[in-house]
Amino acid sequence: MPANRRNTAHEIFLQFHRHTAKSMKELAIEEESDEDDEEHHEPKVEAEPNAPFEMFHHVMKTGVIYASSRAAKYGFNMLSEDWANMGQGAPETGPLPGAPERNFTMNIADAELEYAPTTGDVELCTKVAEYYNHLYRQGKESKYTHENVCIVPGGRAGLTRVMAALGNIQCGYFTPDYTAYQQALGLFMRISPSPLLHRNVHEALMSSEDFAFEAGGRGLGAMLLSNPANPTGQSLEGDELENYVKVARDLGVCLLMDEFYSHYYYDGEAVSPFDGGADDDSNWPKTVSSAKYIDDVNSDPVVIVNGLTKNWRCPGFRVCWLVAPKPIVQMLGSAGSFLDGGANAPLQKLALPLMDLDFIRRDTWALQRHFKAKRDFLLTELAKIGITVEWEPTATFYIWASLKALPPPLNDCLCFLEECVKHNVICVPGVFFDINPREIRHLTKSKCINFVRFSYGPPFKNLEKGVEEMGKMISYWRKHIMTASTYATNSFNAEELMKD
């Protein structure tokens, strides 16, 4: 086997992510030359359309897009019903048992064909402010108003606005964390990304005491984190979350809190109306937000990112929001005027009923009941096929799964994905969550190489198919062990598996 065909899964990964060593065009030519050496070979990684244009740099793929592009080589598309897409970062969008009805019928008035303000429709901003005040700021003197809310066309667009508005600072981040942070943190040269490393690698969350030490010692200007955390499903809450906000206030560090999964909690103490709990405003399911611990909404340096994408299960709306002190919202509006131009005006109007508090309460109860059942199913089935979970998720719809107990080469996340897509299963390799903006860290081996993220966002039938197919795949490799260093993606024979 030619040397450059070794560890093919890793070579494919590098082809998607290499910036300067070789162009995509060169890599495609190199792969063509290898085809004469082997009868069977990995489907060719085509040069991307912009590869010959040297005035552009190669734009890296996020984890979900990378995994989907690998699956596309084997016939996957978003309408495929014979695939188990457990890599998707979106929840199922259809009706849930016991959830209130959603009416998406609309007539668009002529006035709504105009641009919306870059900070958003005032009526929707007001409803967002009321949502935070009702759930997290009752009894507090300082309240949010529409001037504390900026509607944006998606969470990543919101983060881009924030990054564009930040000054010459260090911005801290954790690993593992949301894959898109790598691009967001590396896009603007005024920002110096600064990784915060856990003293105890066996802890999923950094203590507020360690955070204060790191933030103060590094002189951070901002800290970007998801809470609850993507991909681990762990959550900062209670005293620890309150202390994080206090550290931000005392040190002047802007907390950029990605709270997109704040409705996906499975360890609340309240009793669901489905199980006999009160079905009124006195009985809310557990949700978590840093908004609860802010003293003054216009002076505490906390920016909350949330929206309809996850908690309301409407990712296609591209209607999300930033909640922040008024002066920051004004800057975010200015950034929007040259970055994205604002969110979709008609869909902001369509979103208004979704922000009614009674709807949110009832919908969140149904969401938690349904997704907890999917979480429990997937945890049980993964254990049966030898995939372990160090941190059982208490929130989100993700499982950060360890491959360490699997036979080689499946204990390598990139090899694992390459085999999964041959079985019509998609997951996201762990290396994508070991974010490394501008490649500021020299990594010979990622600490996340033995992990993958499974999503239980899809419907039950997808999860059932996924674990069934992975079980067959793992059974095969227990009989045909091969080290990752000699692994080639064409080594798997699906027909042989069926005979076994």
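See the structure shown above.
Every value quoted in this text rests on a predicted model; they were computed, and no experiment measured them. (Residues numbered from 1 in each chain as written. Predicted model: local features only at pLDDT ≥ 70, side-chain atom pairs only at ≥ 80, totals over all residues. Heavy atoms only, no water.)

Trainee: Could you give an account of the overall build of the chain, with specific residues and numbers?
Mentor: Along the backbone of the chain there are 14 helices and 12 strands. Counting all 500 residues of the chain, 57% fall into the buried class. Of all intrachain contacts in the chain linking residues separated by at least 6 positions in sequence, the fraction that spans at least 24 positions is 77%. Roughly 21400 Å² of accessible area belongs to the chain as shown, and the carbon and sulfur atoms make up 52% of that amount. (Helix = DSSP H or I, 4+ residues; strand = E, 2+ residues; numbered from the N terminus. Buried < 20%, exposed > 50% of the residue type's maximum accessible area, 1.4 Å probe, protein only. Contact = heavy atoms within 4.5 Å. Areas by Shrake-Rupley, 256 points an atom, 1.4 Å probe, with all protein chains shown as cover.)

Trainee: Explain the state of the cysteines to me, and be specific about the residues and the numbers.
Mentor: Within this structure, the stated rule accounts for 0 disulfides. Considering cysteine sulfurs only, cysteine 413 is the nearest to cysteine 448, which forms no disulfide, with 8.0 Å between them. A relative accessible area of 2% places cysteine 448 in the buried class. (Disulfide = S-S within 2.5 Å.)

Trainee: Describe the sheet that holds strand E4 (residues 191-195), naming the residues involved and giving the relevant values.
Mentor: If you walk across this open sheet you meet the 7 strands as E2-E8-E7-E6-E5-E3-E4, and the pairing is mixed. Two strands lie at the open edges of the sheet, namely strand E2 (149-152) and E4, each paired on one side alone. Put simply, the sheet's adjacent strands are angled 20 degrees from each other on average, direction ignored. For strand E3 (residues 169-173) and strand E5 (residues 222-226), the ladder comprises 3 bridges, and the chain directions are parallel. Paired with tyrosine 173 across the strands is leucine 224, a residue of E5. (Pairing = 2+ DSSP bridges. Axes fitted to C-alpha atoms, helices over the stretch in contact; angles between N-to-C directions.)

Trainee: Report on the environment of glycine 466, specifying residues and quantitative values.
Mentor: Within the secondary structure, glycine 466 is located in helix H13 (residues 460-479). Among the residues examined, glycine 466 registers a relative accessible area of 0% and is labelled buried. When the C-alpha positions of glycine 466 and tryptophan 83 are compared, they lie 8.0 Å apart, and in sequence the two are 383 residues distant.

Trainee: Let's hear about the packing of aromatic side chains: which residues, and what values?
Mentor: Taken as a whole and assessed by the stated rule, the structure comprises 24 aromatic pairs. Measuring from centroid to centroid gives 5.3 Å for tyrosine 476 and tryptophan 477, while their planes differ by 85 degrees, and the two rings are edge-to-face. Through a chain of ring-to-ring contacts, three or more aromatic side chains come together here, namely Tyr131, Tyr132, Tyr136, Tyr144, Trp312 and Trp321. Across from the ring centre of phenylalanine 371, 3.9 Å away, lies the NZ or CZ of lysine 374, which sits over that ring. Sitting over the ring of tyrosine 398, arginine 453 keeps its end group 3.8 Å from the ring centre. (Phe/Tyr/Trp six-rings, centres within 6.5 Å; stacked < 30°, edge-to-face > 60°. Lys NZ or Arg CZ within 6 Å of the ring centre and 35° of its normal.)

Trainee: Which residues make up the side chain of arginine 453, and what are the values?
Mentor: Considering the arrangement of structural elements, one finds arginine 453 in strand E12 (residues 451-455). Of the side chains with opposite charge, aspartate 177 comes closest to the buried, unpaired arginine 453, at an N-O distance of 8.9 Å. At a separation of 3.0 Å, a polar atom in the side chain of arginine 453 contacts the side chain of asparagine 230. (Lys, Arg positive; Asp, Glu negative; His and termini not counted. Salt bridge = Lys/Arg side-chain N within 4 Å of Asp/Glu carboxyl O. Polar contact = N/O pair within 3.5 Å; in protein donor to acceptor, adjacent residues only side chain to side chain.)

Trainee: Explain the packing of helix H3 (residues 63-72) against helix H12 (residues 413-421) residue by residue, including any values.
Mentor: Packing of H3 against H12 brings their axes to within 9 Å, and their N-to-C directions diverge by 40 degrees. Between H3 and H12, the angle falls in the class oblique. Once H3 is placed against H12, the crossing between them reads as right-handed. The residues of H12 that touch H3, namely those facing Tyr66, Ala67, Arg70 and Ala71, are Leu414, Leu417, Glu418 and Val421. Class assignment of the residues belonging to the contact of H3 with H12 gives a composition of 6 nonpolar, no polar and 2 charged. (Parallel < 35°, antiparallel > 145°, perpendicular 65-115°, else oblique. Left-handed = near helix turned anticlockwise from the far one by under 90°. Nonpolar A, V, L, I, M, F, W, Y, C, P; charged D, E, K, R; others polar.)

Trainee: Residues and numbers for unusual backbone geometry, please.
Mentor: The omega torsion across threonine 175 and proline 176 is 0 degrees, close enough to zero to call that bond cis. Residues asparagine 227 and proline 228 are joined by a peptide bond in cis, for which omega reads 0 degrees. Position of proline 228 relative to the elements: it lies in the loop between E5 and helix H8 (238-251). Positive phi, close to 55 degrees, is recorded for arginine 313, a residue that is not glycine.

In short, geometric facts, not functional conclusions.
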